[in-house]
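Secondary and tertiary structure notes
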Amino acid sequence: MLLSLRIQNFTLIDELELEFGEGLNVLTGETGAGKSIILDAIDLVLGGKPSLRMIRTGTEKATIEGTFTVNDRIREWSIEREFDLSDDDTLICSREISIQGTNLRSRMRVNGAICNRQLAQELRELTIEITAQGQTVKLTNTSHQKELLDLYGGAAIFQQRERIGTLYTTYQQAYQTWLDRQQNEQQRLQRLDLLQYQAEELSQAHLTTPDEILDLESERQRLSHVVDLQQQSYAIYQLLYQNDTGGAIAVADMLGKAESTLIDMVEIDSSLQPQQFQIQILTTW
């Protein structure tokens, strides 16, 4: 229920405050007296579309504020959307439209908190029903049409609707469980096909030793560093066969350098360990 409406600088109205009582409230007046302005203000404060003509000539800002009583549906909506209710259990909706240059700016609040137009439209459905000549807005809403039809059927229809709703929820949960199981089974079969395919490939490879994968990895590493191994081998050859320095100290230095190079090479190609061992014996000897 709308308790009060406060308007400032809206169309032709500079300032107006209305209070509404319980039951029927009637606004009367001749054509052009401004009755439709009140309806436009109520529409705007609950998410209606603003326009520049709504701001009173000579001003740059129009403000509308409506105070509504709170019912269970509004209370539930406020909790879900995290809007705080006032201490007197009312809902205050305000709308401010202003001119900035040639642009129109609009801001809506619900109990002081910013509210977007989508939420305002939701709140509108819970607070008012605007019926104009030749037009009933709410009757075009499908959910409202269903509600009216159920109301016509009485308590028995509501009980049946609740029962069907419970059964439908149970069906949806069971159907989702069935879909999940189907998906899991499909994933299991796909995984099984992959493993069978890999097993066939391994069988066709005729693997003979359990360490063949390690040997292949070692060979891959050796081939990927073949240029480094060639350069290091040539460096060792130059140390041992093309060095004319002579002398015991020079030989020991050459063997030490050769051993150091072979250690690096063994990290890449383990098959060179015998050569490293030989050089190591000569160095210690």
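Residues numbered from 1 in each chain as written. Predicted model: local features only at pLDDT ≥ 70, side-chain atom pairs only at ≥ 80, totals over all residues. Heavy atoms only, no water.

**Quick look at the overall build of the protein**
Helix and strand counts for the protein come out as 9 helices and 8 strands. Expected size for 285 residues packed as a compact globule is a radius of gyration near 19 Å; at 43 Å, the protein overshoots this value by more than 25%. Its C-alpha atoms give the protein principal-axis dimensions of roughly 125 × 60 × 35 Å. Classification of the 285 residues of the protein by burial places 24% in the buried group. Across the protein, the fraction of contacts at a sequence separation of at least 24, relative to all contacts at a separation of at least 6, is 58%. (Helix = DSSP H or I, 4+ residues; strand = E, 2+ residues; numbered from the N terminus. Rg over C-alpha atoms; globule rule 2.2 N^0.38 Å. Buried < 20%, exposed > 50% of the residue type's maximum accessible area, 1.4 Å probe, protein only. Contact = heavy atoms within 4.5 Å.)

**Some thoughts on the pairing of strand β2 (residues 13-19)**
Sheet analysis places strand β1 (residues 2-10) next to β2, joined by 6 bridges and oriented antiparallel. By the bridge assignment for β2, Gln8 is matched with Glu15. Hairpin connection from β1 to β2: 2 residues lie between these consecutive antiparallel strands, with Thr11 at a positive phi of about 50°. (Pairing = 2+ DSSP bridges.)

**Focus on the pattern of salt bridges**
One pass over the full model with this rule turns up 10 salt bridges. Measuring nitrogen to oxygen at the nearest pair gives 3.5 Å for the salt bridge that ties Glu147 to Arg161. In this pair, Glu147 is assigned in helix α4 (residues 142-153) and Arg161 in helix α5 (residues 155-204), connecting sequence segments 14 residues apart. One salt-bridge network, held together by shared partners, links Glu80, Arg81 and Glu122. (Salt bridge = Lys/Arg side-chain N within 4 Å of Asp/Glu carboxyl O.)

**So, the sheet that holds β2**
Reading across from one edge, β2-β1-β3-β4-β5-β6 is the order of the 6 strands in this open sheet, with antiparallel pairing throughout. Across the chains shown, the open sheet's two edge strands, defined by having one partner strand only, are β2 and β6 (113-114). Inspection of the sheet shows β1 paired to strand β3 (residues 61-69) by 6 bridges, in the antiparallel sense. Note that in β3 the partner of Leu2 across the bridge is Phe68. Its contacts with the sheet put helix α1 (residues 35-45) on β1, β2, β3, β4 (90-100) and β5 (103-110), and the angle it makes with β1 is roughly 100°. (Axes fitted to C-alpha atoms, helices over the stretch in contact; angles between N-to-C directions.)

**Quick notes on helix α3 (residues 117-127)**
Residues of α3 that are buried: Leu119, Ala120, Leu123, Arg124, Leu126 and Thr127. On an axial view of α3, the arc spanned by its buried residues comes to 165°, and they lie on one face. Packing partners of the buried residues in α3 comprise α1, β3, α2 (72-80), β4 and β5. The residue sitting at the N-terminus of α3 and contributing the capping side-chain oxygen is Asn116; that oxygen lies 3.2 Å from the backbone nitrogen of Gln118. (Arc of directions from axis to C-beta. Polar contact = N/O pair within 3.5 Å; in protein donor to acceptor, adjacent residues only side chain to side chain.)

**A short note on the nonpolar core**
Counting 34 residues, the largest nonpolar core has Leu5, Phe10, Leu91, Cys93, Val110 and Leu123 as the members making the most contacts within it. Breaking this core down by element, the ones donating at least two residues are β1, β2, α1, β3, α2, β4, β5 and α3. No other element matches the 6 residues that α1 contributes to this core. Sequence-distant contacts of Val110, defined by excluding residues within four places in its chain, comprise Phe83, Leu91, Ile92, Cys93, Cys115 and Leu123. Residues Ile236, Met265, Val266 and Ile279 belong to the second largest nonpolar core, which totals 10 residues. (Core = buried A, V, L, I, M, F, W, Y, C linked by side-chain atoms within 4.5 Å.)

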